[in-house]
Each structure stands twice: as structure tokens, then as C-alpha cells.
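The chain contents come next:
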Amino acid sequence: MDVIRLLGIRDTSLSVDEVLAAVGDHAAGGTTIFVGTVREQDHGKPVTRLSYSAHPSAEDELRRVAEKVAADFPVTALAAVHRVGDLELGDTAVIVAVACPHRGEAFQASRRLIDDLKSQVPIWKHQVFADGTTEWVGACE
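Now for a look at the structure at hand. In this text the structure is predicted, and so the values were computed from the model without any measurement.

### Considerations on helix 2 (residues 58-72)
(1) Moving on: Taking 1.5 Å per residue as the helical rise, helix 2 with its 15 residues ought to reach 21 Å, and the 21 Å between its terminal C-alpha atoms agrees with that figure.
(2) Moving on: Tucked into the core, helix 2 has its buried residues touching strand 1 (4-10), strand 4 (45-54), strand 5 (77-83), helix 3 (103-120) and strand 8 (123-129).

### Describing helix 3
(1) Moving on: With 18 residues, helix 3 should reach 26 Å at 1.5 Å per residue; the first-to-last C-alpha distance of 25 Å fits that figure.
(2) Moving on: Those residues of helix 3 hidden inside the fold are in contact with strand 2 (30-37), helix 2, strand 5 and strand 7 (92-100).

### A few points about the packing of helix 2 against helix 3
(1) Moving on: Running from amino to carboxyl end, helix 2 crosses helix 3 at an angle of 155°, the nearest separation of the two axes being 10 Å. Judged by the angle between their axes, helix 2 and helix 3 are roughly antiparallel. Crossing handedness for the pair helix 2 and helix 3: right-handed. Counting all contacts with helix 2, which are made through E61, L62, R64, V65, A66, V69 and D72, the residues of helix 3 involved are A109, R112, L113, D116, L117 and Q120.
(2) Moving on: Taken together, the residues that form the contact of helix 2 with helix 3 break down as 7 nonpolar, 1 polar and 5 charged.

### Observations regarding a nonpolar patch on the surface
(1) Moving on: A cluster of nonpolar side chains, namely V16, L20, I33 and V35, defines an oily patch on the protein surface of about 270 Å² accessible area.
(2) Moving on: Counting residues per element, the ones that place at least two in the nonpolar patch are helix 1 (16-22) and strand 2.
(3) Moving on: Relative to the helices and strands, V35 is located in strand 2.
(4) Moving on: With a relative accessible area of 33%, V35 lands in the partly exposed category.

### Some thoughts on the pattern of salt bridges
(1) Moving on: All chains considered together, the criterion is met by 9 salt bridges.
(2) Moving on: By sharing partners, the salt bridges in this structure join K68, D72 and R112 into a single network.

Cut-off values and rules
Residues numbered from 1 in each chain as written. Predicted model: local features only at pLDDT ≥ 70, side-chain atom pairs only at ≥ 80, totals over all residues. Heavy atoms only, no water. Helix = DSSP H or I, 4+ residues; strand = E, 2+ residues; numbered from the N terminus. Expected span 1.5 Å × (residues − 1). Contact = heavy atoms within 4.5 Å. Axes fitted to C-alpha atoms, helices over the stretch in contact; angles between N-to-C directions. Parallel < 35°, antiparallel > 145°, perpendicular 65-115°, else oblique. Left-handed = near helix turned anticlockwise from the far one by under 90°. Nonpolar A, V, L, I, M, F, W, Y, C, P; charged D, E, K, R; others polar. Patch = residues over 30% accessible without salt bridge, like charges linked within 9 Å, V, L, I, M, F, W, Y side chains within 5 Å. Areas by Shrake-Rupley, 256 points an atom, 1.4 Å probe, with all protein chains shown as cover. Salt bridge = Lys/Arg side-chain N within 4 Å of Asp/Glu carboxyl O. Buried < 20%, exposed > 50% of the residue type's maximum accessible area, 1.4 Å probe, protein only.

Structure (C-alpha cells):
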């Protein structure tokens, strides 16, 4: 069975329950989950809303990142989903989860998964600030 259980770039709400269920595995002694949400400020400026856009290759790049994490750590199950489109404050933007035999490995693999997703998968964030200014932030930094 493939350890990569769920991957996706979606324009609909994300579910922590779905992601957690996807990585459930009796061989795992540790499961970590990271949930990224839209926060109310960035760079000390109030954020009113934001939008995510993804390149057509984003899902392929997400799979490549997930495969690398699964190869580098003793992963028993892995999942990652990222939202695109318009999001409001408090909305869930990204969820990653990793199950491994031990908690330390799960923490390390999960950290690598979210960091590599943010730095290598072509997803861009367009933030709108309360003062009317906007900012594009590239996920591939």
C-alpha cells in the first residue's frame, strides 16, 4: 500500500477529519498534523482577506515533495492538501499529516513536508491589507 494516502490542491474547504483519517495506520506510534490558517495580520499590518493561486503543475510538485519525505523518513502514512481561491480570516489554507513508528520521526517528517511544500510547490498567496495595499507571496521562495 502506498504511504501517500491523500494529496490535493482544492478550491473547497479542507477537512482535518478527512486528513487525519487518511493517515490512520496501526503501524504508527506517532501522528502529527499541521493546520495552517489565514491570520489577521502579516508584517505588522492587518489582513482583510487573501487568495491562493496554483500553477497547473502544483499537484505534481506536491507529489514529488511527498515522495521525497516518504523516502527520507520511516513514514507509514502521509497526507497534504492545500486550498486555492478566496479565503477569509480563520479559514484553513493547508493541512499536512504524517504517521511514523515514533513521534520524533513524525514531527521531523511533518516539518519537512510543510516546509518543502511552502518552498517548492508553485502556489502563490495574494494578501489584501486593511490599508488597501496588497502583496503577492510566492510559495516557491
